[in-house]
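Coordinates in review
Each chain, written out:
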Amino acid sequence: MKRKVMILDTTLRDGEQTPGISFTPEEKLKIAMQLDEIGVDIVEAGTAVVSEGERRAIRDIANAGLSAKVCSFARMLRDDIDAALGCDVDAVNIVVPVSDAHIQKKLRISRSELVERAVEATEYAKAHGVEVEISAEDASRADFAFLKSVFKHLSEASADRLCVCDTVGVLTPERAKDIFGELKKENFTLSAHCHNDIGLATANSVAAVISGADFVHVTVNGMGERAGNASLEEVVIALEILYGIDTNIKKERIYETSLIVRKLAKMPVAPNKPLVGDNAFTHESGMHVHGTLADERLYEPFDPRIIGRTRRFAFGKHTGRASVKMALDEMGISTDQSRRSPTGIFASEEQIDQIISRVKELGDKGKLVTDADFQAIVDDVLQIKREERIKLIDLSVVSGKHVQPTASLRLTVDGEEIVVADVGVGPVDAAINALRKALSSRKIDDVRLDEYHVDAITGGTDALVNVVVKVSRGDKTITAKGVSEDIVLASVLAMINGINRLYERNFHNSTIRIRNKAKKNTELSAR
Ligand code: MN
């Protein structure tokens, strides 16, 4: 029998304490439901005493019929606990500072007074029929003998779970093993709550679990104060894949959850973030792509599908023959003279060399090589003529403090001129809405905008703006960019560029469409 550890997710409490982050009650409910669906055991929904909005959010989550237990954070104060109880939660997480620095400087009481208050708060909450978890704040810097005696008292007061908090992220895996191993001898039900100040949150959480923690506190994407908390994705994957310890988490929905949270939190994750970062399963280097095509396991820790991701191959200065051949194959262009391609187009070894050097040239300039860039290079080298269905003629926008941003566009679709106007939350949104309106009048209406990124190429307000979009239609995904000093124009150009590629009809004066083959587990993309 595999051991199983329970997951308490505190994205909505500690995660929301990330500087600059605040969720609306509706957003909190949406995240809580997602966490419940993927198998989180306890959802820490917030701190009830904070505000009326917070209480509404916690109450809505507690009454949403989730399988997960719902808890609220509280200090050892009646008001805090009453506020939590008023939100119909299953559990209260009572914070009990245990290091001498916290007891003396923050609470300004004695150790014995602290124990008294903690016992009282625990008994009060328990008397109202909720579970109690004790969050021993700053436990990793507390006197261990005292921590143990606090836990003994609170265990006798019927606390359900005792959590060792590494509040400032200074624990090491070795000490975590000692602390949890020692406390486990008392048969306590233990939780671990680790912060990532020095990058050890996952390692410490795993060490705690190995040595006896029954619950582990995490946040999605490692959100949280300062450098954040132990991340759900890293802890779950480390435990399940490296240590063979089970959780109730549906691993294949981890990536989706990361995307939902980053969108609602408006907090992007670093491209190199383990497991969920953009580049976590992206290969650019020719050597790695070649190896990965020979055997997927060569340059990947595990199959990305396990967490609901797909492998990507990107173009750049490290691009090699294997990725170019694969991309040409995806585009329906043969690289093997003995095989006829769906488009009837063939690329010779010399032409492939030319494509590679052109891609490297662009990559060398430090430029992002999008799928559309790659396609433009291929078209040029193989002299493919494509019909651009959509062409922008003119664009104008009005925006300001007291006017609703409005954009009007003049463009041609299949040679026919269209003039449209639409509004939006800002000028870019208005322009994209106008574009969509124009296109849907010509039945081009099934393109999804998956990602939108803006970068200023130089520092000033006169900078060239580089907009990169990821657009999809059916199972085909394309990255494309638009560059201009005008952010609205760059955005519209990027969209048109991408949509033109997705809606390609005629090229090489033939009517054969680009083969849109099901993409195995491979997403050709530069991002
Ligand atoms: Mn914390």
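Since this is a predicted model, take the numbers as computed values, not measurements. (Residues numbered from 1 in each chain as written. Predicted model: local features only at pLDDT ≥ 70, side-chain atom pairs only at ≥ 80, totals over all residues. Heavy atoms only, no water.)

Now for the overall build of the chain. Helix and strand counts for the chain stand at 16 helices and 19 strands. Seen through its principal axes, the chain has C-alpha atoms that stretch 85 × 60 × 45 Å. Classification of the 527 residues of the chain by burial places 54% in the buried group. Of the contacts formed within the chain by residues at least 6 apart in sequence, a portion of 65% connects residues at least 24 apart. If you sum the accessible surface of the chain, you get close to 23000 Å²; carbon and sulfur atoms cover 50% of it. (Helix = DSSP H or I, 4+ residues; strand = E, 2+ residues; numbered from the N terminus. Buried < 20%, exposed > 50% of the residue type's maximum accessible area, 1.4 Å probe, protein only. Contact = heavy atoms within 4.5 Å. Areas by Shrake-Rupley, 256 points an atom, 1.4 Å probe, with all protein chains shown as cover.)

Entries for the chain in the domain assignment read domain 1 (6-265), domain 2 (282-383) and domain 3 (390-508). For domain 2 versus domain 3, the separation of C-alpha centres amounts to 27 Å. With 11 residues of domain 2 in contact, the opposing surface of domain 3 contributes 13 residues. Summed over both sides, the interface between domain 2 and domain 3 buries roughly 1000 Å², with carbon and sulfur atoms accounting for 50% of that surface. If you sort the residues of domain 2 by the area they bury against domain 3, Asp 371, Ala 372 and Gln 375 come out on top, with a joint share of 39%. For Lys 481, the salt bridge identified is with Asp 373, shortest N-O distance 3.0 Å. Linking domain 2 to domain 3 there are four residue pairs in polar contact (both at pLDDT 80 or more). At five residues, the largest contribution of residues to the side of domain 2 that touches domain 3 is made by helix 14 (residues 371-382). (Domains from an automatic or database assignment. Buried area = accessible area lost by both parts, 1.4 Å probe. Salt bridge = Lys/Arg side-chain N within 4 Å of Asp/Glu carboxyl O. Polar contact = N/O pair within 3.5 Å; in protein donor to acceptor, adjacent residues only side chain to side chain.)

Contact geometry of helix 12 (residues 321-330) with helix 13 (residues 349-364) gives a least axis separation of 10 Å together with a crossing angle of 110 degrees. Of the possible angle classes, the one that applies to helix 12 and helix 13 is roughly perpendicular. Residue-level contacts link Arg 321, Val 324, Lys 325 and Leu 328 of helix 12 to Glu 349, Ile 352, Asp 353, Ile 355 and Ile 356 of helix 13. When grouped by side-chain class, the residues that make up the contact of helix 12 with helix 13 number five nonpolar, no polar and four charged. (Axes fitted to C-alpha atoms, helices over the stretch in contact; angles between N-to-C directions. Parallel < 35°, antiparallel > 145°, perpendicular 65-115°, else oblique. Nonpolar A, V, L, I, M, F, W, Y, C, P; charged D, E, K, R; others polar.)

A few words now on the sheet that holds strand 15 (residues 416-423). The strand order across the open sheet built from three strands is 13-14-15, with neighbouring strands paired in antiparallel fashion. Of all strands in the sheet, those with a lone pairing partner are strand 13 (390-398) and strand 15, marking the two edges. Between one strand axis and the next, the sheet turns by 15 degrees as a mean value, whatever way the strands run. The sheet contact formed by strand 14 (residues 406-413) and strand 15 spans eight bridges and is antiparallel. Within the sheet, the bridge partner assigned to Val 413 lies in strand 15 and is Glu 416. (Pairing = 2+ DSSP bridges.)

Before going further, it helps to spend a moment on helix 9 (residues 232-242). For helix 9, a buried count of nine out of 11 residues is recorded, marking the element as mostly surrounded by other parts of the structure. Along helix 9, the positions that sit buried rather than exposed are Leu 232, Glu 233, Glu 234, Val 235, Val 236, Ile 237, Ala 238, Leu 239 and Glu 240. Where the residues of helix 9 are buried, they touch strand 1 (6-9), helix 8 (201-210), strand 8 (215-218) and helix 10 (254-265). Directly beyond the C-terminal end of helix 9, a positive phi value near 65 degrees is found at Gly 244.

Residues separated by three or four positions in an α-helix point in the same direction, a consequence of the helix having 3.6 residues per turn. The terminal C-alpha atoms of helix 14 lie 16 Å apart, and with 12 residues this matches the ideal 16 Å at 1.5 Å per residue to within 8%. Most of helix 14 sits out of view: 10 of its 12 residues are buried. By the burial criterion, the buried members of helix 14 are Asp 371, Ala 372, Asp 373, Phe 374, Gln 375, Ile 377, Val 378, Asp 379, Val 381 and Leu 382. Where helix 14 ends, the next residue or the one after it, Gln 383, has phi of about 55 degrees, a positive value. (Expected span 1.5 Å × (residues − 1).)

Non-glycine residue Arg 108 carries a positive phi angle of around 50 degrees. Within the secondary structure, Arg 108 sits in the loop between helix 4 (100-107) and helix 5 (111-127). By relative accessible area, Arg 108 is classed as exposed at 68%. Its identity is not glycine, yet Asp 138 carries a phi of approximately 60 degrees, on the positive side. Note that Asp 138 resides in the loop between strand 5 (131-137) and helix 6 (144-156). Residue classification places Asp 138 among the buried positions, given a relative accessible area of 0%.

Moving on: the coordination of the manganese ion. In this structure, Asp 14 (OD), His 193 (NE2) and His 195 (NE2) serve as the protein donors to the manganese ion, at separations of 2.0 to 2.3 Å. Spacing between the donor residues of the manganese ion along their common chain follows D-x178-H-x1-H. Highlighted residues: Asp 14 in the loop between strand 1 and helix 1 (25-37) and His 193 in strand 7 (residues 190-194), separated in sequence by 179 residues. Across this residue pair, the class does not change: Asp 14 and His 193 are buried. (Donors = N, O, S within 2.8 Å, 3.2 Å for Na, K, Ca; no water.)

With that out of the way, let us pick up a negative patch on the surface. A cluster of acidic residues, Glu 113, Glu 116, Glu 120 and Glu 123, forms a negative patch on the protein surface. Within the secondary structure layout, Glu 123 lies in helix 5. (Patch = residues over 30% accessible without salt bridge, like charges linked within 9 Å, V, L, I, M, F, W, Y side chains within 5 Å. Lys, Arg positive; Asp, Glu negative; His and termini not counted. Charge placed at Lys NZ, Arg CZ, Asp CG, Glu CD.)

One pass over the full model with this rule turns up 42 salt bridges. Through salt bridges with shared partners, one network takes in Lys 148, Lys 152, Glu 182, Lys 185 and Glu 186.

One finds Ile 94 and Phe 151 to be the most contacted residues of the largest nonpolar core, which totals 92 residues. Per-element tally for this core: the top contributor is helix 5, with seven residues. When sequence neighbours within four positions are dropped, the list of residues in contact with Phe 151 reads Ala 136, Leu 162, Cys 163, Val 164, Leu 183, Phe 188 and Leu 190. One finds Ile 418, Ala 438, Ile 444 and Ile 478 within the second-largest nonpolar core, a separate group that totals 34 residues. (Core = buried A, V, L, I, M, F, W, Y, C linked by side-chain atoms within 4.5 Å.)

Let us look at the environment of Asp 214. Assignment of secondary structure puts Asp 214 in the loop between helix 8 and strand 8. Of the residues examined, Asp 214 reaches a relative accessible area of 23% and is grouped as partly exposed. Remark: the alpha-carbon pair of Asp 214 and His 290, spanning 76 residues in sequence, is separated by 43 Å. With residues up to four places along the chain from it excluded, the contact list for Asp 214 reads Val 5, Met 6, Lys 184, Phe 188, Thr 189 and Leu 190.

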